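As a plain string of letters, each chain reads:
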Amino acid sequence: LPYDDLPKMILDAFYVARNLGMEYIWVDSLCIIQDNDNNLQKELRKMLQIYWTHNLQSSPQVSRIAMLAF
């Protein structure tokens, strides 16, 4: 997926993470194959560990459309 084709909300998350000095970012819709039930179930079992060890969490509560900015 080309960087420029990513939704604005995800690009904003990359920008914020980079400016906070974070080396990695987890984006569920990019890190989990959404249309593969086996992969989805496997990755969902890891979510507790992923969220337990994260430094920052962002959730699009205001913008329901990922194409919009933060």
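Just above, that's the structure.
Here goes a summary of the coordinates provided. (Residues numbered from 1 in each chain as written. Predicted model: local features only at pLDDT ≥ 70, side-chain atom pairs only at ≥ 80, totals over all residues. Heavy atoms only, no water.)

Side note on the packing of aromatic side chains
Across all of its chains, the model carries one aromatic pair by this definition. With 6.0 Å between their ring centres and 20° between their planes, Tyr3 and Phe14 make a pair best called stacked. Of the two residues, Tyr3 is situated in the segment before helix 1 (8-19) and Phe14 in helix 1; the sequence distance between them amounts to eleven residues. By relative accessible area, which is 43% here, Tyr3 ends up partly exposed. (Phe/Tyr/Trp six-rings, centres within 6.5 Å; stacked < 30°, edge-to-face > 60°. Helix = DSSP H or I, 4+ residues; strand = E, 2+ residues; numbered from the N terminus. Buried < 20%, exposed > 50% of the residue type's maximum accessible area, 1.4 Å probe, protein only.)

Some remarks on the pattern of salt bridges
Tallied over the full model, the rule gives two salt bridges. Here Asp12 and Lys8 are joined by a salt bridge, their closest N and O atoms 2.7 Å apart. Taken as a pair, Asp12 and Lys8 lie in helix 1 at a separation of four residues, close to a single helical turn. When its relative accessible area of 39% is taken as the criterion, Lys8 is described as partly exposed. Put simply, Glu43 and Lys46 hold a salt bridge, and the shortest N to O gap is 3.4 Å. According to the relative accessible area criterion, Lys46 is partly exposed, its value standing at 35%. (Salt bridge = Lys/Arg side-chain N within 4 Å of Asp/Glu carboxyl O.)

As for the nonpolar core
Among the nonpolar cores identified, the biggest contains five residues, and these are Leu6, Ile10, Leu11, Phe14 and Val27. With sequence-adjacent residues up to four places away left out, Leu11 is seen in contact with Tyr3 and Leu6. (Core = buried A, V, L, I, M, F, W, Y, C linked by side-chain atoms within 4.5 Å. Contact = heavy atoms within 4.5 Å.)

As for the environment of Leu6
Note on placement: Leu6 falls in the segment before helix 1. Sequence spacing of Leu6 and Leu30 is 24 residues, and the spatial spacing of their C-alpha atoms is 9.7 Å. Sequence-distant contacts of Leu6, that is, excluding residues within four places in its chain, are made with Leu1, Leu11, Phe14 and Leu30.

Everything listed here is a matter of coordinates, which is why it stays silent on function.
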